[in-house]
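Architecture and fold: a report
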Amino acid sequence: MAEYSMQPIEVKHVSTQYRTIKTKIPVPESLAIFQTLKESEPRSMLGMPPVIWDRAENFTVFDKWGNRWIDWSSCVLLANTGHGRSEIKKALHAQIDQGLLATYVFVHEKRARLTKTLQALSPDPSGYETFLLSTGSEAIENCIKLAKTYALKKFGPHKKIIVSFENAFHGRTLGAQLAGGLPGLKNWIGLDDSAFIQIPFPDGYRVEDTSFNLFLKTLDSKNIQPTDIAGVLTESYQGGGADFLPVEYAHALEAFCRDHDIVGIYDEVQAGFGRTGKMFCYEHYGIKPDLIACGKGISSSLPISAVIGRTDIMELYPPGSMTSTHSASPLCVAAAIANLDILQKEDLVGNALRMGDILFPELVRICGKYPSVFPVVKGKGLVAGVRVFDPDTGRPDSHTALRINTACFQKGLLMFAPVGSNGECVKIAPPLCITEDALREGISVFEETVAEVLKSH
Ligand SMILES: Cc1ncc(COP(=O)(O)O)c(C=O)c1O
């Protein structure tokens with residue numbers, strides 16, 4: 001976990017159209033709030049740059065002491081249409097005024113509107129349905145359950161294995177962590193469930209063999225028959241950086257799943273709703289997932305998630321037996337409808353693509369000045385991962401990643417704490433509504449910061 005210093009220090013004041021830094025950082029008056037949290041909640045909840053969010057608007061974040069940051073976090077790739085969008089606030093006010101705040105799975109009208117909208121975004125609206133839930137992890141749990149149920153009912157108990165990928169992150173609940181590929185996150189489980197196995201992810205740097213052959217060879221080495229596999233689960237891009245599947249690999253995986261009646265599950269919780277310059281990231285591969293787990297950017301605000309999936313799989317459970325108390329909660333649904341409306345009306349998917357065409361080459365240019373520190377820069381649309389390495393040891397360098405992240409924060413450019421299996425990845429993910437001048441301003445802060453941090457390295 002990243003440890004930010006809580007000692008307020010004098011930093012250079014900043015005043016631009018989008019950024020204002022006019023206090024010590026962290027703000028001395030904010031320390032009491034951090035202290036209360038330290039005393040009243042688990043330390044696991046801390047670990048972000050020490051700012052107290054007071055208000056956030058489009059692509060900037062404000063504290064109440066007059067500081068303002070350009071946001072390169074979107075919270076955590078959540079605020080796709082931007083923070084505090086007036087259309088979403090209006091929809092929420094209207095929902096409150098209507099007088100309906102919860103329904104369990106009794107029906108309310110907007111639920112039908114949202115499931116229909118999401119169905120229309122699916123690979124084939126006539127053959128897909130949508131199930132609404134609350135969190136990304138919950139959507140993943142449901143995908144695992146559906147894949148295993150499909151296999152059990154159609155083929156019997158031997159077809160039970162969920163294949164996923166090393167270094168994958170699918171959430172923090174039990175099933176999501178069993179399917180996750182970060183051993184450190186799941187050793188608490190104390191259960192070596194052989195029905196969950198992971199395959200090396202073809203990222204091209206940790207794993208040089210990016211051919212689908214490695215997938216088959218790995219199954220073979222683990223003595224797993226395709227006939228025993230219920231589902232294959234992958235993030236559309238691995239979010240510990242921004243590592244995409246090779247297109248041919250995704251095609252081969254799809255054919256493999258089809259040939260063996262295996263449910264192909266794409267985790268779009270982070271990648272969906274325009275982040276990569278397509279509505280869903282799997283569209284870059286030209287494939288059709290059987291199940292799609294969605295979350296985060298579906299509402300850009302309130303907690304709502306969804307599984308969009310093949311009708312024959314989604315229909316496996318009878319009425320009343322696949323539900324959750326907060327499924328389709330009215331405020332969350334209202335937020336999601338307004339959010340998807342903005343995404344489409346403002347063509348923010350297109351904006352992500354256009355801005356990505358600026359961001360990525362600029363990151364490559366900046367990082368290219370220090371190739372042994374930044375040998376791996378990945379991204380598409382408005383997500384990028386810059387991995388930091390120690391040029392002397394060639395090992396991931398979380399310390400320098402954190403220094404870059406902290407120095408950007410002190411200059412009014414906000415990112416969440418570095419990610420990746422070793423905390424070495426500086427992740428960049430602005431809201432999709434970011435303008436070109438704000439993006440370029442962020443890029444120049446990043447460039448200046450990298451130069452300063454590496455000079456004193
Ligand atoms: C790819 C991916 N899947 C699943 C999740 C879990 O979502 P949630 O935190 O809403 O449960 C996340 C969250 O970061 C994610 O990035």
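Not measured: the values here are computed from a predicted model. (Residues numbered from 1 in each chain as written. Predicted model: local features only at pLDDT ≥ 70, side-chain atom pairs only at ≥ 80, totals over all residues. Heavy atoms only, no water.)

**Digging into the nonpolar core**
Defined as follows: Put simply, buried Ala, Val, Leu, Ile, Met, Phe, Trp, Tyr and Cys residues joined by side-chain atoms within 4.5 Å make one nonpolar core. The buried label goes to any residue with under 20% of its type's maximum accessible area, the exposed label to any with over 50%, and the partly exposed label to all in between, with areas taken from a 1.4 Å probe on protein chains only. Helix numbering and strand numbering both begin at the N terminus, where a helix is a DSSP run of H or I of at least 4 residues and a strand a DSSP run of E of at least 2. Should any heavy atoms of two residues lie within 4.5 Å, those residues are counted as being in contact.
Within the largest apolar cluster, 101 residues are counted, with the highest numbers of intra-cluster contacts made by Trp72, Leu118, Phe215, Phe273, Phe374 and Phe446. A total of eleven residues in this core trace back to one element, the largest contributor, which is helix H11 (residues 330–345). Leu118 has contacts with Thr130, Leu132, Phe273, Ile298, Ala306, Ile308 and Leu340, leaving out every residue within four places of it along the chain. Counting 28 residues, the second largest nonpolar core, distinct from the first, contains Ala147, Leu178, Ala179 and Val269.

**Notes on the site of the ligand**
This is how it is decided: By convention in these notes, a residue is near a molecule or strand provided one of its non-hydrogen atoms lies within 4 Å of it. We call two N or O atoms a polar contact when they sit within 3.5 Å, provided that within protein one can donate a hydrogen and the other can accept it, with sequence-adjacent residues counted only if both atoms are side-chain atoms. All accessible areas in this document rest on Shrake-Rupley with a 1.4 Å probe, and a residue is counted as covered only by the protein chains that are shown. Polar here means any residue outside two lists: the nonpolar Ala, Val, Leu, Ile, Met, Phe, Trp, Tyr, Cys and Pro, and the charged Asp, Glu, Lys and Arg; Gly therefore counts as polar.
For the ligand, the full set of nearby residues is Thr135, Gly136, Ser137, Phe169, His170, Gly171, Glu235, Asp267, Val269, Gln270 and Lys296. Ser137 is positioned with one of its side-chain polar atoms (N or O) 2.5 Å from an oxygen atom of the ligand. Contact between the ligand and Asp267: a nitrogen atom at 2.7 Å from a side-chain N or O atom of the residue. In the complex, 79% of the free accessible area of the ligand, which totals 390 Å², lies under the protein chains. Tallied by class, residues from the shell around the ligand come to two nonpolar, six polar and three charged.

**A look at the sheet that holds strand S7 (residues 161–165)**
Using the following cut-off: For two strands to pair, DSSP has to find at least two bridges joining them. Note on method: axes are straight lines fitted to C-alpha atoms, helices fitted across the in-contact stretch only, with angles between N-to-C directions ranging 0 to 180 degrees.
Taken together, the seven strands give an open sheet; going across it, the order is S6-S14-S13-S12-S9-S7-S8, and neighbouring strands pair in mixed fashion. Strands with a single pairing partner mark the edges of an open sheet, and in this sheet they are strand S6 (128–133) and strand S8 (196–199). Direction aside, neighbouring strands of the sheet carry axes that sit 20° apart on average.

**Notes on the packing of helix H12 (residues 348–368) against helix H14 (residues 436–455)**
When two helices pack together, their arrangement is given by the angle between their axes and by how far apart the axes lie. Quick reminder of the rule: Reported orientations rely on four angle classes, namely roughly parallel under 35 degrees, roughly antiparallel over 145, roughly perpendicular from 65 to 115, and oblique for the rest. Rotating anticlockwise by less than a right angle from the far helix to the near helix defines a left-handed crossing, while the corresponding clockwise rotation defines a right-handed one.
Closest axis-to-axis distance for the H12/H14 pair is 11 Å, and the angle between their directions is 15°. Classified by the angle their axes make, H12 and H14 are roughly parallel. For the element pair H12 and H14, the recorded crossing hand is right-handed. Along its contact with H12, which presents Met355, Ile358, Leu359, Glu362, Leu363, Arg365, Ile366 and Cys367, the element H14 presents Glu436, Leu439, Arg440, Ile443, Phe446 and Glu447.

**Some points on the pairing of strand S9 (residues 229–235)**
Burial runs high along S9: seven of the seven residues are buried. Across three bridges, S7 lies against S9 in parallel orientation. Counted as the bridge partner of Val163 is Val232 from S9. Pairing of S9 with strand S12 (residues 263–267) involves five bridges; the strand directions are parallel. Paired with Glu235 across the strands is Asp267, a residue of S12.

Any link to function would need more than the numbers given here.
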